[in-house]
Each structure stands twice: as structure tokens, then as C-alpha cells.
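This is what each chain is made of:
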Amino acid sequence: MTPTINEIQIQILNTAAGADALPATAVLTENEQSILTNLTTTSKVSVFRLIVFVVATIAWSLYKLWDILSADIDERIAVSRPFSRGWYTQTALNYQHGQELPESGIYDNTGLTIAEIAAKKIVAKAAVVEGTINGHGILRIKVAKSIGGILEPLSSPELIGFSEYMILMGAAGISTATSSAQADRLKVAYKLYYDPTILNNLGKRLDGTDDTPVISALKTYLKDKNARDFNGELSLDQLNDVLENVPGITDVFLQSASSAYLTYGYGDTNSQGNIGPFPEFRQPQSGYFKLDELLSSFQYIAR
């Protein structure tokens, strides 16, 4: 666990206080050593403490860099193991639409610019989950592309090309089912108490800077979550936290939440348990959520 800057400072101060001699100063002249003896005060405004803070900050930065390196190595190891979930996910992200795939499974990008290669890599997000079809185990690969930072499903031609690519790249005998669908629709009903000096009874800011701060906050959160945790569970508790941090909102009470996808309705149910009302968590069928602004409701009460 990476120590904090304050913990590193304490360690430096304790080491200095408990040292009978500091060998590093042996190479200094007598005049330089005499100057150092005047810098040992532990006052927060002393030069010595400033030096300790700078050194601790540098040491903390090195700790963080090593953490980043370690995480990067772990991720590279995870995706390098052939036919693991990580490998399938990375392989999906490497798909280049409309480009011939050699038998080696490695695209020949000779003559292409970095921008041209990036444009061909249409899969922005991918998730691999185990499933069954007619009693047979499969790997289901959910994918989405990004348009202006918003996740969207692949078009029919794009999905056909991607599906064929995954068949060619996958392990023999392992069945895969690819999907790319519209976002799961999220419908919520909230009772919100607000500060009448900041918002009005429609939830609009009185200064005119935002007519829908609550909806904007929910949409921003879902956008960030979809990008950060594709196919991850949605927590209603975290959703409530988002609204509690909206300026002008004083108290948040969730009345109901439900989700649906494709032709399903909010009152429907299925064997997977991923549609209809839910009390705490919900994993999206498509891999990502989109707020249903039309059917969601927000009651504003001055407090």
C-alpha cells in the first residue's frame, strides 16, 4: 500500500531524530555542515521542514509511478494469455473494420497513418461473459462504439464484420456470440428537496446557467460509468450520491427504479433478472445504460 506524503514525512523526521550521525554529511566542508545544523528544526515554517516535504512528495510520486507500472504489467499479462477473458476483450478492441485479416491474425498496417488505424478500430468498449445457448456453453462478447464520447451500437455491417473476425481469431471448439445493442434504458422516479435560493420548483437554476442540473448530473454520471466500467453493475446508492452533490439539492429520496432493453417494457421480467424494477443493483444486458429522460420523473419540493 502506497504511504501518504504525511507518512513519508514522519518517517524521514523520525529517522533524522533517531540518527546519531548522518554519514552523508561527511563529504561536506565544516562550513556546510555548520549550516545544516541550523536546519534541523521541525517547525512547519522552517527550511528543514520544507526540504522534508519536497523529498516526501518526490518519494510519494515514485511510489505512485511504481503502482501504475505494476498495474500496467498485470494488465498486459492478463490480456497476453491466449483465449482468456482478457485476451478476448483485447482482441475485440483490436478489430479493424474493413481491413483484411491475414492468417497470422495480425493486421498489416503498412502505409497507414496512426489516425487511419484508429479510425478503423471501431470497437471502443468490449466485455466477455460466460453464457449458455440450448445447454451449450458460450462466450458472449458485448461491444459498443463511441460517437462523440457517447456509446452506441455497431451498425449491422460492422457487427457482421466483427463477428466473423472473432470467429477467425477465437479458439477452435469455443463458441462465441457477439452482440452490440442499444443502451439499456433506465427509468427513475425521485422526490427531491431543494434550496429555493438556488433552484426553482422545476429544478432549474435561478442564475440561468442550467435548466436541468439534475438530469445533466445523471447523464454525466452514466456516461462516465459506461466508459469506466462497461458491463458493470449500476448501483442506485451511487446514483443517489450523484444527486446529493447537485448544488441546490438538499435531500434525495428515490421512489423507484427500473430498466428495460430492446422491446421489453419497464414492467416486464425475464429469467436473467435484468429488466423491470430493481431495488439496489442492475447489470445492463447491452453493457451500458442511458437515462430515459421522457419517462423518468422528478418531484421538486422547496425546503
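Quick look at the structure, then. (Residues numbered from 1 in each chain as written. Predicted model: local features only at pLDDT ≥ 70, side-chain atom pairs only at ≥ 80, totals over all residues. Heavy atoms only, no water.)

### Some details on the overall build of the protein chain
Across its full length, the protein chain carries 8 helices and 11 strands. By the burial criterion, 34% of the 303 residues in the protein chain qualify as buried. At a minimum sequence separation of 6, the contacts of the protein chain that also span at least 24 residues come to 66%. Put simply, the protein chain shows about 18400 Å² of open surface, and 56% of that area lies on carbon and sulfur atoms. (Helix = DSSP H or I, 4+ residues; strand = E, 2+ residues; numbered from the N terminus. Buried < 20%, exposed > 50% of the residue type's maximum accessible area, 1.4 Å probe, protein only. Contact = heavy atoms within 4.5 Å. Areas by Shrake-Rupley, 256 points an atom, 1.4 Å probe, with all protein chains shown as cover.)

### Some words on the packing of helix α7 (residues 213-228) against helix α8 (residues 236-244)
Where α7 contacts α8, the two axes come as close as 9 Å, and the packing angle between them is 135 degrees. Of the possible angle classes, the one that applies to α7 and α8 is oblique. α8 is crossed by α7, and the crossing has right-handed handedness. Contacts from Val214, Ala217, Leu218 and Tyr221 of α7 reach α8 at Gln238, Leu239, Val242 and Leu243. Here the residues of the contact of α7 with α8 are counted per class, giving 7 nonpolar, 1 polar and no charged. (Axes fitted to C-alpha atoms, helices over the stretch in contact; angles between N-to-C directions. Parallel < 35°, antiparallel > 145°, perpendicular 65-115°, else oblique. Left-handed = near helix turned anticlockwise from the far one by under 90°. Nonpolar A, V, L, I, M, F, W, Y, C, P; charged D, E, K, R; others polar.)

### Here's the deal with a negative patch on the surface
Together, Asp237, Asp241, Glu244 and Glu280 make up a negatively charged patch on the protein surface. Positionally, aspartate 241 belongs in helix α8. (Patch = residues over 30% accessible without salt bridge, like charges linked within 9 Å, V, L, I, M, F, W, Y side chains within 5 Å. Salt bridge = Lys/Arg side-chain N within 4 Å of Asp/Glu carboxyl O. Lys, Arg positive; Asp, Glu negative; His and termini not counted. Charge placed at Lys NZ, Arg CZ, Asp CG, Glu CD.)

### So, the packing of aromatic side chains
The final tally for this structure, using the stated rule, is 10 aromatic pairs. Joined through ring pairs, the aromatic side chains of Tyr95, Tyr107, Phe162 and Tyr165 make up one cluster. Residue placement shows arginine 185 over the ring face of tyrosine 266; its charged tip is 5.7 Å from the ring centre. A cation sits over an aromatic face here: arginine 303 above tyrosine 193, 5.9 Å from the ring centre. (Phe/Tyr/Trp six-rings, centres within 6.5 Å; stacked < 30°, edge-to-face > 60°. Lys NZ or Arg CZ within 6 Å of the ring centre and 35° of its normal.)

### Digging into the pairing of strand β5 (residues 184-194)
In the sheet, β5 pairs with strand β10 (residues 289-291) via 3 bridges, with the strands oriented parallel. When the bridges of β10 are listed, aspartate 184 appears paired with phenylalanine 289. Where β5 lies against strand β7 (residues 249-260), 10 bridges are found, and the strand directions are antiparallel. Across the sheet, residue tyrosine 190 finds its bridge partner in β7, namely leucine 254. Bridge analysis of β5 against strand β11 (residues 297-302) gives 6 bridges, and the strand direction is parallel. For tyrosine 190, the partnering residue across the bridge sits in β11 and is phenylalanine 298. (Pairing = 2+ DSSP bridges.)

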